[in-house]
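Spelled out from the first residue to the last, the chains are:
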Amino acid sequence: MKICCVGAGYVGGPTMAMIAYKCPGIEVRVVDVDSDRIAAWNSETLPVFEPGLDDVVLKARGRNLFFSTDVDGAIRDSEIIFVSVNTPTKTYGMGANRAADLRFVEACARRIAEVAQDPKIVVEKSTLPVRTAESISRILHGTNSRNGFQILSNPEFLAEGTAIKNLEDPDRVLIGGESSDAEGKEAVEKLVSIYAQWIPRDRILTTNTWSSELSKLTANAFLAQRISSINSISAVCEATGADVDEVAYAIGKDSRIGPKFLQASVGFGGSCFKKDILNLVYLCDYFGLPEVAQYWEQVVRMNDWQKRRFSERIVKVLFNTVADKKLAILGFSFKKDTNDTRESPAIDICRALLEEKAGLSIYDPRVTKEQIKAGLSPVKGVSESTAQDDHRIQVASDPYQAADGAHALVVLTEWDEFVRLDYDRIYQSMKRPAFAFDGRNILNQSELRQIGFESYAIGR
Ligand code: UDX
Ligand code: ADP
């Protein structure tokens, strides 16, 4: 069997690498219009940092896993085409800042329609608004005279940083299709048979297409809601003297609630949560369900507030001004074990501190200087001032350099290496009083205080 994936990003690359690794009998091609990205996939330094990914790619690349820019060739030769292109939030026109921008998906569907010489199974991998499969189907059948294209929804549930583990041993695989007709059923079974090569059959769920599309949005909305819930409680803890980690532990012991996704933080980031919730909100409004829309929108608002609250606390504690003060920022990716910075809370917090005229010295073990600079470059209409603030942004090559001469230490990503730093040494190199703000609750507060830091964490 030959399959391909259009889009070699954080989802397409690792997912297809795992399929190729687990299914040596299937030829897997991953194609992208971005030739630099493809060159990186073919090099020793993959464009995506993900623990365990290098190993999987090395085992399959050149055997039955191929990365190229030959989008048309891959479409023509493949029986199954996964679509894993970007679906950012629209920044213009109708549904701006809420609806998904589907132009990349549509371009991809049109390409398939133009190039395909026989009916294909087209699989939505990117997270898409409910009923996108219908639009893809209309484009395919309207443009290509051959009937019989099958559109399946197969949302990806991997989380970055643990993608390989999630792909190898997923809680479930979800496949949505039209099993009411024979061809639909056959397409679903074909996709099931790929995953069944390494995943127990009872973990491969099949539903109708719309349930599958909506399940992805709902899963992300529920996960993000848990974070906003605990973050809202972190503010109550700070006001009352309770400790949010103790509260999370206590409630997580209730088996109905469970312990996961209750880590209070500076706010959630990543390419999915905000985008998917806004997508859900837009959908609800569209279908005349404003109460439901407002309910979910609050999850995003709470997250924005949490980020704002954190940067305001820093300014307040530093005698109400950070102007011309050096602040050491530890961590820029949206979570540990990834080089992805999309929607990273670090971006909003750094921007807010730059607005206050702080000087930032930023260190992240996996994010490049270029990525950090790009993340903080001015966003039209949001912040014009950061353009002139470029000289205020230093990228440090190690955490000690970042902290040297700083007034405060600000932890924004929970990288393991930050737990093990020599905080005595850091303290000695900083200005007095030396402040520490732990936005991820990973540092030992009493140890920091013993060293001499004036130390703050979330929800304590
Ligand atoms: C998420 C979903 O988990 C995954 O199933 C889906 O396929 C894509 O979106 P991802 O965004 O990669 O995955 O990472 P995730 O582990 O969910 O973390 C998202 C954000 O929430 C990160 O910024 C993380 O730091 C934050 N987070 C997570 C918390 O602040 N507290 C928690 O308890 C958990
Ligand atoms: P995700 O996190 O969902 O994987 P990314 O932005 O990391 O998203 O990756 C999406 C990829 O899809 C990008 O590398 C982009 O170049 C690619 N892409 C977008 N549109 C097309 C297209 N029409 N044909 C081929 N590749 C595309």
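Our structure is the block above this text.
Here the structure is a predicted model, which means the values were calculated and not measured. (Residues numbered from 1 in each chain as written. Chains lettered and ligands numbered in written order. Predicted model: local features only at pLDDT ≥ 70, side-chain atom pairs only at ≥ 80, totals over all residues. Heavy atoms only, no water.)

K.L.:
Describe the site of ligand 2, with residues and values.
P.N.:
Taken together, 14 residues form the shell around ligand 2, and within it Y10, V11, D32, R37 and R342 come nearest. Contact distances for ligand 2 include 2.9 Å between an oxygen atom and a backbone N or O atom of V11. In the environment of ligand 2, an oxygen atom lies 2.6 Å from a nitrogen or oxygen atom belonging to the side chain of R37. Within the complex, 86% of the 580 Å² of free accessible area of ligand 2 lies under protein. Per-class residue counts for the shell around ligand 2 are six nonpolar, four polar and four charged. (Near = heavy atom within 4 Å. Polar contact = N/O pair within 3.5 Å; in protein donor to acceptor, adjacent residues only side chain to side chain. Areas by Shrake-Rupley, 256 points an atom, 1.4 Å probe, with all protein chains shown as cover. Nonpolar A, V, L, I, M, F, W, Y, C, P; charged D, E, K, R; others polar.)

K.L.:
Before we move on, could you go through the site of ligand 1 and cite the residues and values that matter?
P.N.:
Around ligand 1 lies a shell of 20 residues, among which F157, E160, S265, K335 and R440 are the nearest. In the model, an oxygen atom of ligand 1 is placed 2.7 Å from a nitrogen or oxygen of the R440 side chain. Coverage of ligand 1 by the protein amounts to 91% of the 660 Å² it exposes when considered alone. If one sorts the elements of the shell around ligand 1 by residue count, helix α9 (residues 209–240) sits on top with four residues. (Helix = DSSP H or I, 4+ residues; strand = E, 2+ residues; numbered from the N terminus.)

K.L.:
Account for helix α13 (residues 345–355), with residues named and values stated.
P.N.:
Burial analysis of α13 places eight of its eleven residues in the buried class, the great majority of the element. Buried residues of α13: P345, A346, I347, I349, C350, R351, L353 and L354, and no others. Positioned one or two residues after α13, K357 has a phi angle of 70 degrees, which is positive. (Buried < 20%, exposed > 50% of the residue type's maximum accessible area, 1.4 Å probe, protein only.)

K.L.:
Describe the nonpolar core, listing the residues and the values that go with them.
P.N.:
Ranked by internal contacts, the top residues of the largest apolar core, which has 43 residues, are I19, V28, F82 and Y195. At six residues, helix α8 (residues 182–195) tops the list of elements feeding residues into this core. For I19, the residues in contact, after removing those within four places along its chain, are I3, V28, F82, I194, Y195 and W198. Formed by 35 residues, the second largest nonpolar core is a distinct cluster that contains V322, I329, I347 and F437. (Core = buried A, V, L, I, M, F, W, Y, C linked by side-chain atoms within 4.5 Å. Contact = heavy atoms within 4.5 Å.)

K.L.:
Residues and numbers for the pattern of salt bridges, please.
P.N.:
One pass over the full model with this rule turns up 27 salt bridges. Close ionic contact of E156 with K125 constitutes a salt bridge, the shortest N to O distance being 2.9 Å. One end of the pair, E156, is in the loop between β6 (150–153) and α7 (163–168); the other, K125, is in the loop between β5 (121–124) and α6 (132–143), with 31 residues separating them in the sequence. On the basis of relative accessible area, K125 is assigned to the buried category, the value being 3%. Salt-bridge contacts for E134 lead to R131; the nearest nitrogen and oxygen are separated by 2.9 Å. Via salt bridges that share partners, E27, R29 and D77 belong to a single interconnected network. (Salt bridge = Lys/Arg side-chain N within 4 Å of Asp/Glu carboxyl O.)

K.L.:
Can you tell me about the pairing of strand β1 (residues 2–6), naming the residues and giving the values?
P.N.:
Of all five residues in β1, four are buried, a share of seventy percent or more. Of the strand pairs in this sheet, β1 and strand β2 (residues 27–31) are connected by five bridges, and their pairing is parallel. Within β2, the residue paired with C4 across the bridge is R29. (Pairing = 2+ DSSP bridges.)

K.L.:
A description of a nonpolar patch on the surface should follow, citing residues and the corresponding values.
P.N.:
A surface patch of nonpolar side chains, about 430 Å² in accessible area, is lined by Y286, F287, L289 and V292. Within the secondary structure, V292 sits in helix α12 (residues 290–317). We classify V292 as partly exposed; its relative accessible area is 34%. (Patch = residues over 30% accessible without salt bridge, like charges linked within 9 Å, V, L, I, M, F, W, Y side chains within 5 Å.)

K.L.:
Describe the state of the cysteines, naming the residues involved and giving the relevant values.
P.N.:
With the rule as written, the count across this model stands at zero disulfides. Residue C284 stays outside any disulfide, its sulfur separated by 18 Å from that of C272, the closest cysteine. Given the relative accessible area of 7%, C284 is considered buried. (Disulfide = S-S within 2.5 Å.)

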